[in-house]
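Structure assessment
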Amino acid sequence: MNTLNQFKNFTSGLSSTELMPVLFMGHGSPMNGIEVNEFSAKWAEIAKNIPVPQAVLVVSAHWFTRGTRITAMDFPPTIHDFGGFPQALFDVQYPAPGNPQLAQETAELIKGASVILDHDWGLDHGAWSVVKNMYPEANIPVLQLSIDYTKDARYHYELAQELAALRRKGVLILGSGNMVHNLRMMSWEMINGGGYDWALEMDEKFKSLILNRDHKPLINYQQMGSAALLAIPTPEHYLPLMYALGLQQANEEASLFNDKAVGGSLTMTSVKIGA
């Protein structure tokens, strides 16, 4: 099946738009999905200040797979992939539709991987906790693209570039994770704000590199010293950032929001690329 023809068939039903922005959201605690706080309020504000998307494609830290998969069902289930939280969080349902045709077209766009159409996953809390605050009516299709845990940051950065055509057809691409994320070192004394020196140091370095469009060190983060290894002990929450950066075009600026450290070892710092 011809990929360009497939994409044309899909996009013929969508109006051409200016480039949709790209977002990296620091999603933090699942409780941000139901609490009205500074982070969830900003997610809602962001949604009001960008074009209404035709669909949302989320790359979440919480779908870490061998190989690349994309949700391809009509109605993705709400996944409660956590424990020890109040029942109100487990009661949340976010009944946004999927879009199997968009899943197929997205899979065909990606040349760097053989993408599996997935009918078993759904929307995990890295996706719905954010998107629920942005689009509470659940009337916009939401898909998830998994993160291949066998691949490095450069692979994901380059894979993201293959998704660029979706931005002109109203698809909001959203990475959901945390730049600094070390739960083993979390401090309950700083749960409402504050970070260890190494966490703040790396957050500042990350922000400076992002704002200066210097992506190479961010791709090769393992070479940034011991503080980087504390900030990113495992890569799943960091790799969604690679999708946002990989989609940045030469003339696009990046801006920051929700720029705050919490729990000592986690930062909510988030990035918006484009208008």
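Throughout this description, residue numbers start from 1 for each chain and increase along the sequence as written. Since the coordinates come from a predicted model, pLDDT governs what is reported: local features require at least 70, and pairs of side-chain atoms require 80 or more to be given and counted, while whole-chain, interface and lining totals use all residues. Derived side-chain values reflect all non-hydrogen atoms in the structure, with water molecules and hydrogen atoms excluded from consideration.

In this analysis, strands are considered paired if DSSP registers two or more bridges between them. Each helix corresponds to a stretch of at least 4 residues labelled H or I by DSSP, and each strand to a stretch of at least 2 residues labelled E; elements are numbered beginning at the N terminus. One open sheet holds the 6 strands; their spatial order is β6-β2-β8-β1-β12-β9, and the pairing between them is mixed. Every interior strand has two partners, whereas the edge strands, β6 (142-144) and β9 (254-257), have only one. Neighbouring strand axes in the sheet, compared pairwise and without regard to direction, differ in orientation by 20° on average. Pairing analysis gives 4 bridges linking β9 to strand β12 (residues 270-273), with the strands arranged antiparallel. Following the sheet pairing, F257 is matched in β12 by S270. Working convention: axes come from line fits to C-alpha atoms, limited for helices to the stretch in contact. Angles between N-to-C directions cover 0 to 180 degrees.

Turning to the packing of helix α2 (residues 38-48) against helix α5 (residues 125-134), a few remarks are in order. It is the contact of α2 with α5, at a shortest axis distance of 7 Å, that shows an interaxial angle of 60°. Taken as axis vectors, α2 and α5 run oblique relative to one another. The two elements α2 and α5 meet at a crossing, and its hand is right-handed. Together, S40, W43, A44, I46 and A47 of α2 and S129, V130, N133 and M134 of α5 make up the contact between the two elements. Charged means Asp, Glu, Lys or Arg here, nonpolar means Ala, Val, Leu, Ile, Met, Phe, Trp, Tyr, Cys or Pro, and polar covers whatever is left, Gly included. Its residues assigned to classes, the contact of α2 with α5 comprises 6 nonpolar, 3 polar and no charged. Should an angle lie under 35 degrees it is considered roughly parallel, over 145 roughly antiparallel, and from 65 to 115 roughly perpendicular; all remaining angles are considered oblique. In a left-handed crossing the near helix is turned counterclockwise from the far helix by less than a right angle, and in a right-handed crossing that turn is clockwise. We call two residues in contact whenever any of their non-hydrogen atoms come within 4.5 Å of each other.

Any Phe, Tyr or Trp ring, taking Trp's six-membered ring, that has another such ring centre within 6.5 Å forms a pair; planes under 30 degrees apart are called stacked, those over 60 apart edge-to-face, and the others tilted. Going through the model one piece at a time under the given rule, you end up with 8 aromatic pairs. Seen from their ring centres, W63 and W121 are 5.5 Å apart, and the 0° between their planes marks the pair as stacked. Separated by 58 residues along the polypeptide, W63 in the loop between β2 (55-60) and β3 (64-65) and W121 in the loop between β5 (115-118) and α5 bring together distant segments of the chain. Three or more aromatic residues joined by ring pairs make a cluster, and in this case those are F82, F85, F90 and W128.

This brings us to the nonpolar core. For this analysis, a nonpolar core means a set of buried residues of the types Ala, Val, Leu, Ile, Met, Phe, Trp, Tyr and Cys, connected via side-chain atoms within 4.5 Å. Burial classification: accessible surface area is computed with a 1.4 Å probe over protein chains only, and a residue below 20% of its type maximum counts as buried, one above 50% as exposed, and the rest as partly exposed. Counting 53 residues, the largest nonpolar core has L57, L145, L163, F206, L241 and M242 as its most contacted members. Ignoring sequence-local partners within four residues, the contact set of L57 consists of I70, T106, L143, Q144, L145, L163, L166, V171, L172, I173 and L174. In terms of nonpolar packing, the next biggest core, distinct from the first, is built from 32 residues, M20, V58, V131 and L266 among them.

Shape descriptors only; they carry no functional weight alone.
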